[in-house]
Amino acid sequence: MGASLLRLHFHDCFVNGCDGSILLDDTSSFTGEKTAGPNVNSVRGYDVIDTIKSRVEKLCPGVVSCADIVAVAARDSVVELGGPSWTVPLGRRDATTTSLSAANSNVPAPTLNLAGLISAFSKKGFTAREMVALSGSHTIGQARCTTFRPRLYNEANIDTSFATSLKSNCPSSGGDNTLSPLDVTSPTSFDNAYYKNLVSNKGLLHSDQQLFNNGSTDSLVNTYSSNPATFRTDFAKAMVKMGNLSPLTGTQGQIRTNCRKTN
């Protein structure tokens, strides 16, 4: 669940800022972001946020936004799984609307090549180094077979034994929703094994291996694979920056009482 809460924050922030819009259910007046391609049958943790919100509301009603809860939950998840900590700036307010189209277009796809990844993150103000650091989130969590099947069966820059071990769980047809860990080495530990895997051509997603494929980010992957402290520092800094993407403040938005619907 820790990986899912981290991803929930990412998918919230990359769509019109860190405003809790991803949490809103569909209504008669707008379609939420939960059914967007990158989110449907994939993003989870909504119930965990609901539980936290209800407990916070009992102690401190109308003060802490859903967007702030998602940001803090992401940080605490990383810490719980052995990763770095960072100070989460607070005071975000919650959106009263959503954008299905932005959710479909702004979240980087697992099919992107390196240039596409650099571009997608650049549009949000991130450098290539920050993009590579944030990609280290894939040291935890799982991916569905449908997201990495083309890499397994069509790509050459993949370790043969690694590919073979995955094919039994992800056949060439069927089993779309079968899960495999993004970091096969230590799937529930937030460490730098993700980068070591890339150096060994054991990136699960096409977009993962693109970071180490005779391109401009190879040196960064090498740095993070051999210097875990550098990765932890860079990751924490990039997470603070991501959490600061276009927040609603002051009188903008609202403090939702129920994260799934506007007040």
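Our subject is the structure that appears above.
Residues numbered from 1 in each chain as written. Predicted model: local features only at pLDDT ≥ 70, side-chain atom pairs only at ≥ 80, totals over all residues. Heavy atoms only, no water.

Ranked by internal contacts, the top residues of the largest apolar core, which has 35 residues, are Leu 6, Val 132, Tyr 195, Leu 211 and Phe 235. Only α1 (2-13), α3 (66-80), α5 (114-122), α6 (128-135), α9 (193-199), α11 (218-226) and α12 (228-243) provide two or more residues apiece to this core. With six residues, α12 is the largest single contributor of residues to this core. Tyr 195 has contacts with Val 132, Ala 133, Ser 135, Gly 136, Val 221, Tyr 224, Ser 225 and Phe 231, leaving out every residue within four places of it along the chain. (Core = buried A, V, L, I, M, F, W, Y, C linked by side-chain atoms within 4.5 Å. Buried < 20%, exposed > 50% of the residue type's maximum accessible area, 1.4 Å probe, protein only. Helix = DSSP H or I, 4+ residues; strand = E, 2+ residues; numbered from the N terminus. Contact = heavy atoms within 4.5 Å.)

Further remarks concern helix α2 (residues 46-59). A rise of 1.5 Å per residue sets the reference length of α2, with its 14 residues, at 20 Å; its end C-alpha atoms lie 20 Å apart and thus fit the reference within 8%. Of the surrounding elements, those touching the buried residues of α2 are α1 and α3. (Expected span 1.5 Å × (residues − 1).)

Before going further, it helps to spend a moment on the pattern of salt bridges. For the structure shown, the criterion picks out 10 salt bridges. For Asp 68, the salt bridge goes to Arg 92, with nearest N and O atoms at 2.6 Å. Of this pair, Asp 68 sits in helix α3 while Arg 92 sits in the loop between α3 and α4 (100-106), and the two are 24 residues apart along the sequence. (Salt bridge = Lys/Arg side-chain N within 4 Å of Asp/Glu carboxyl O.)

Remember that the coordinates give geometry; whether it matters functionally is a separate question.
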